[in-house]
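These are the residues of each chain, in order.
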Amino acid sequence: MINLTEDLKMARIARDNAKSTTYNVGAVLKCKNGNKYTGCNVENQGIQSICAERVAFVKAISEGETDFERIVVIGAPKGGDDYERCLPCGYCRQFISQYTDKDFKIYTAYNDKIEEYAMDELLPYSFDGNK
Ligand code: ZN
């Protein structure tokens, strides 16, 4: 299994910055050139909140990144470290699918487990306006 020790450490630090009322999420996006970008969920009253995964992607894309290798996502109820299987929501899945290739992988870690998913597993038959 892939070694995600550094990514998990970065995701936990990012998660500490989450602005949420109930559930904190951290994410680390790794580009094919080795650069990494973190994200946390940022909730906001009255307007659209944004998930950790999209924060990481938007940070990377705004820095000119175009080729992505993987994203690691961890999440737990606010105030604790009881990590649960935390996978991108439907909105994020569609967002991620637009900016990644078929070999892009999604990881989530909880209870000493690391699970790996391909985009097609999480979003089969995704909409692709370019096809
Ligand atoms: Zn999401």
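Look a little higher up for the structure.
Residues numbered from 1 in each chain as written. Predicted model: local features only at pLDDT ≥ 70, side-chain atom pairs only at ≥ 80, totals over all residues. Heavy atoms only, no water.

J.: Teacher, can you tell me more about the packing of helix α2 (residues 52-62) against helix α3 (residues 90-99) here?
T.: For any two helices packed against each other, the geometry comes down to the angle between their axes and how far apart the axes lie. Running from N to C, α2 and α3 point in directions that differ by 25 degrees, and their axes come no closer than 10 Å. Classified by the angle between their axes, α2 and α3 sit roughly parallel to one another. Here α2 and α3 pass one another in a crossing that is left-handed. Counting all contacts with α2, which are made through E53, R54, F57, V58 and I61, the residues of α3 involved are Y91, C92, F95, I96 and Y99. Split into classes, the residues belonging to the contact of α2 with α3 amount to 8 nonpolar, no polar and 2 charged. (Axes fitted to C-alpha atoms, helices over the stretch in contact; angles between N-to-C directions. Helix = DSSP H or I, 4+ residues; strand = E, 2+ residues; numbered from the N terminus. Parallel < 35°, antiparallel > 145°, perpendicular 65-115°, else oblique. Left-handed = near helix turned anticlockwise from the far one by under 90°. Contact = heavy atoms within 4.5 Å. Nonpolar A, V, L, I, M, F, W, Y, C, P; charged D, E, K, R; others polar.)

J.: Mind showing me how you'd approach α2 here?
T.: Among the residues of α2, those classed as buried are A52, E53, R54, V55, A56, F57 and A60. Tucked inside the fold, the buried residues of α2 contact β1 (23-31), β2 (36-40), β3 (68-77) and α3. Within two residues after α2, G64 carries a phi angle of roughly 95 degrees, on the positive side. (Buried < 20%, exposed > 50% of the residue type's maximum accessible area, 1.4 Å probe, protein only.)

J.: Whenever I open this one, the environment of Y83 confuses me. Can you help?
T.: By the secondary structure assignment, Y83 is in the loop between β3 and α3. Between the C-alpha atom of Y83 and that of V73, which follows or precedes it by 10 residues, the distance is 10 Å. When neighbours within four sequence positions are excluded, Y83 is seen to be in contact with R12, R15, I74, G75, A76, A109, Y110 and N111.

J.: Looking at this model, I keep getting lost on the coordination of the zinc ion. Mind explaining?
T.: Each angle at a metal carrying four tetrahedral donors should ideally be 109.5 degrees, and each at a metal carrying six octahedral donors should ideally be 90 or 180 degrees. Protein-derived coordination of the zinc ion comes from C51 (SG), C89 (SG) and C92 (SG), at a distance range of 2.2 to 2.3 Å. Mapped onto the polypeptide sequence, the residues donating to the zinc ion form the spacing pattern C-x37-C-x2-C. Looking at C92, the relative accessible area reads 0%, which means it is buried. (Donors = N, O, S within 2.8 Å, 3.2 Å for Na, K, Ca; no water.)

J.: How should I be thinking about the sheet that holds β3 in this particular structure?
T.: Within a sheet, neighbouring strands are paired by backbone hydrogen bonds and run either parallel or antiparallel to one another. Taking strand neighbours across the sheet as the criterion, the 5 strands line up as β2-β1-β3-β4-β5 in an open arrangement whose pairing is mixed. In this open sheet, the two strands that pair with only one neighbour each are β2 and β5 (113-118). On average, adjacent strands in this sheet sit at an angle of 20 degrees to one another, irrespective of strand direction. Direction of pairing for β1 relative to β3: antiparallel, over a ladder of 9 bridges. Looking across to β3, one finds that V25 is bridged to G75. In the packing of α2 onto the sheet, the strands contacted are β1, β2 and β3, and the crossing angle to β2 comes to about 140 degrees. (Pairing = 2+ DSSP bridges.)

J.: Would you mind showing me how to read the nonpolar core here?
T.: With 21 residues, the main nonpolar core has L29, F57, F68, I71, F104 and I106 as its most contacted residues. Only β1, α2, β3, α3 and α4 (119-122) provide two or more residues apiece to this core. In terms of nonpolar packing, the next biggest core, distinct from the first, is built from 11 residues, V28, I74, A76 and Y110 among them. (Core = buried A, V, L, I, M, F, W, Y, C linked by side-chain atoms within 4.5 Å.)

J.: Would you mind showing me how to read the pairing of β1 here?
T.: Counted residue by residue, β1 has 8 buried out of 9 residues, so it is predominantly covered. Direction of pairing for β1 relative to β2: antiparallel, over a ladder of 5 bridges. Within β2, the position partnered with K30 by the bridge is K36. Count of turn residues in the β1/β2 antiparallel hairpin: 4 residues, of which G34 carries a positive phi of about 100 degrees.

Purely geometric stuff here, so don't read any function into it on its own.
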